[in-house]
Amino acid sequence: MNALAATNRNFRQAARILGLDSKIERSLLIPFREIKVECTIPRDDGTLASYVGFRVQHDNARGPMKGGIRYHPEVDPDEVNALAQLMTWKTAVADIPYGGAKGGIGCTPKDLSKSELERLTRVFTQKIHDLIGVNTDVPAPDMGTNAQTMAWILDEYSKFHGYSPAVVTGKPVDLGGSLGREAATGRGVVYAMEALLAEHGKSIRDLTFAVQGFGNVGSWAARLIHEKGGKVVAVSDITGAVKNRDGIDILALLGHKEATGQLTDFNGADAMDADELLTHECDVLIPCALGGVLNRENAGDVQAKFIIEAANHPTDPEADEILSKKGVIILPDIYANAGGVTVSYFEWVQNIQGFMWEEEKVNDELRRYMTKAFHNIKGLCMSHDCNLRMGAFTLGVNRVARATLLRGWEA
């Protein structure tokens with residue numbers, strides 16, 4: 001099941017639990033606006049190349065729309081639509097005053113030079129600049145993009161609208177980015193996990209962890225788990241996978257990857273098949289890579305007792321059912337990886353106020369938001385007798401529906 005179908009299925013189940021009117025249910029599913037643009041740029045060799053860019057603005061009932069921009073060859077309208085919708089529910093779960101959006105360009109970043117990426121980003125911004133804005137739609141980095149990409153968008157947007165640092169988040173700190181933003185999604189994953197484990201009388205230092213994906217989110221989550229005394233026994237990324245039943249020295253692994261560009265040939269762990277990581281023996285599995293990695297083929301072999309969804313849509317609905325029957329507890333993506341958008345909100349607030357927070361304040365506020373959201377989800381799980389995924393979806397959908405009705409929506 002693709003991401004859009006799975007997201008729609010979860011939404012409709014939450015709508016049934018809430019007893020939403022069918023008309024408002026349809027209204028909440030339909031995106032506010034879908035944008036598709038052609039971006040033609042000169043390559044470094046003088047030839048012209050064209051790429052298709054997308055931006056889906058899903059909902060603005062609770063505030064400006066918010067969501068990342070990804071550069072990836074598999075970017076397509078369905079994926080962008082699903083992720084925009086997920087952002088609507090995610091921002092509502094975290095209780096930050098945003099709606100959802102998502103964007104992307106179908107390209108392979110590693111095949112483009114830095115100057116080509118800059119030209120592509122600037123052309124894309126020229127095509128959508130009048131549809132984004134500080135109080136309209138605020139982009140952020142995602143797969144294949146970074147702080148530099150946001151700096152180019154900010155600069156190009158400012159040519160049309162004047163200097164507007166709050167138009168994007170995830171910027172370099174020197175251009176108004178927030179301290180703590182780089183680690184925010186991984187740190188939020190850890191704060192969410194601590195809230196869940198506390199509910200079960202457990203702590204990080206007592207458990208073993210397997211982390212799939214060692215990019216920004218996975219590496220920060222692994223580093224923080226390691227610092228808190230947890231034992232990371234397996235790690236994988238696109239370059240390979242390593243394991244050590246006694247625990248991997250994450251700082252040493254980070255140094256090895258920075259020096260060599262890969263996880264393999266690391267002295268402090270043994271090589272393993274990357275496909276086996278999801279079913280590796282551990283207490284907590286943290287998928288931090290692409291969607292759909294847990295499916296009906298491998299779900300029955302998962303040995304973890306807890307799954308923390310640091311990636312978007314890592315668990316197919318069929319796998320969800322299999323894992324639930326096995327008693328595996330899943331912390332859903334629309335809550336577990338909300339740390340990034342929460343600190344993006346903090347960055348936006350700082351830009352609007354013209355006042356920069358200390359990193360300690362950013363992290364303290366992030367912990368407060370993540371912990372509060374978990375207890376709100378648990379409350380709905382108890383009142384509606386549902387699992388954490390449906391508790392989170394019900395919380396998010398209910399908040400957006402209430403805002404829509406309060407603003408005078410009419411059937």
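Before reading further, recall that the structure is shown in the block above.
1. Remarks on the sheet that holds strand 11 (residues 306-308)
Moving on, step 1. Pairing is mixed in the open sheet, where seven strands are placed in the order 9-8-7-6-10-11-12. Where the open sheet ends on each side, the last strands, each with one partner, are strand 9 (270-272) and strand 12 (329-331). Taken over all neighbouring pairs, the strand axes of this sheet differ in orientation by 20 degrees on average, direction set aside.
Moving on, step 2. Both strand 7 (residues 231-237) and strand 8 (residues 240-243) contribute to a ladder of four bridges, which runs antiparallel.

2. Notes on the state of the cysteines
Moving on, step 1. Evaluated as defined, the whole model comprises zero disulfides.
Moving on, step 2. Summary of cysteine pairing: Cys39 is not part of a disulfide, and the nearest cysteine sulfur, belonging to Cys107, is at 9.4 Å.
Moving on, step 3. Residue classification places Cys39 among the buried residues on the basis of a relative accessible area of 0%.
Moving on, step 4. With no disulfide of its own, Cys381 lies closest to Cys386 among cysteine sulfurs, the gap being 4.5 Å.

3. Concerning unusual backbone geometry
A negative phi angle is the norm for most residues apart from glycine, just as the trans form is the norm for most peptide bonds.
Moving on, step 1. Positioned with a positive phi, Asp265 is a non-glycine residue whose angle comes to about 65 degrees.
Moving on, step 2. At His313, a position not held by glycine, the phi torsion is positive, near 55 degrees.
Moving on, step 3. With respect to the element layout, His313 can be found in the loop between strand 11 and helix 9 (317-325).
Moving on, step 4. A relative accessible area of 10% places His313 in the buried class.

4. Brief notes about the environment of Asp21
Moving on, step 1. Among the structural elements, Asp21 can be located in the loop between helix 1 (3-18) and helix 2 (22-29).
Moving on, step 2. Each C-alpha atom, one on Asp21 and one on Ala6, is 21 Å from the other, the two residues being 15 residues apart in sequence.

5. What to know about helix 9
Moving on, step 1. Those residues of helix 9 that sit buried are Pro317, Ala319, Asp320 and Leu323. Projected onto a plane normal to the axis of helix 9, the buried residues spread over an arc of 150 degrees and lie on a single side.
Moving on, step 2. Of the surrounding secondary structure, the elements contacted by the buried residues of helix 9 are helix 1, strand 11, strand 12 and helix 13 (388-406).
Moving on, step 3. Just downstream of helix 9, Gly327 is the residue with a positive phi angle, here 85 degrees.

6. Details of the side chain of Thr91
Moving on, step 1. Its location among the elements puts Thr91 in helix 3 (residues 77-93).
Moving on, step 2. For Thr91, a relative accessible area of 0% translates into the label buried.
Moving on, step 3. Among the polar contacts listed, one links the side chain of Thr91 to the backbone oxygen of Thr88, at a separation of 3.1 Å.
Moving on, step 4. If we skip the residues at most four places from it in the chain, Thr91 touches Arg62, Ile96, Tyr98, Gly99 and Val341.

7. A short note on the pairing of strand 2 (residues 48-59)
Moving on, step 1. The element strand 2 is extensively covered by neighbouring structure, given that nine of its 12 residues are classed as buried.
Moving on, step 2. Where strand 1 (residues 33-42) meets strand 2, 10 bridges bridge the pair, whose relative direction is antiparallel. The residue of strand 2 that forms the bridge with Arg33 is Gln57.
Moving on, step 3. Joining the antiparallel neighbours strand 1 and strand 2 is a turn of five residues, in which Gly46 adopts a positive phi near 95 degrees.
Moving on, step 4. In the sheet, strand 2 pairs with strand 4 (residues 99-105) via six bridges, with the strands oriented antiparallel. Note on strand 4: the bridge partner recorded for Gln57 is Ala101.

Reading guide: rules and limits
Residues numbered from 1 in each chain as written. Predicted model: local features only at pLDDT ≥ 70, side-chain atom pairs only at ≥ 80, totals over all residues. Heavy atoms only, no water. Pairing = 2+ DSSP bridges. Helix = DSSP H or I, 4+ residues; strand = E, 2+ residues; numbered from the N terminus. Axes fitted to C-alpha atoms, helices over the stretch in contact; angles between N-to-C directions. Disulfide = S-S within 2.5 Å. Buried < 20%, exposed > 50% of the residue type's maximum accessible area, 1.4 Å probe, protein only. Arc of directions from axis to C-beta. Contact = heavy atoms within 4.5 Å. Polar contact = N/O pair within 3.5 Å; in protein donor to acceptor, adjacent residues only side chain to side chain.

Treat this as a map of the structure, not an account of what it does.
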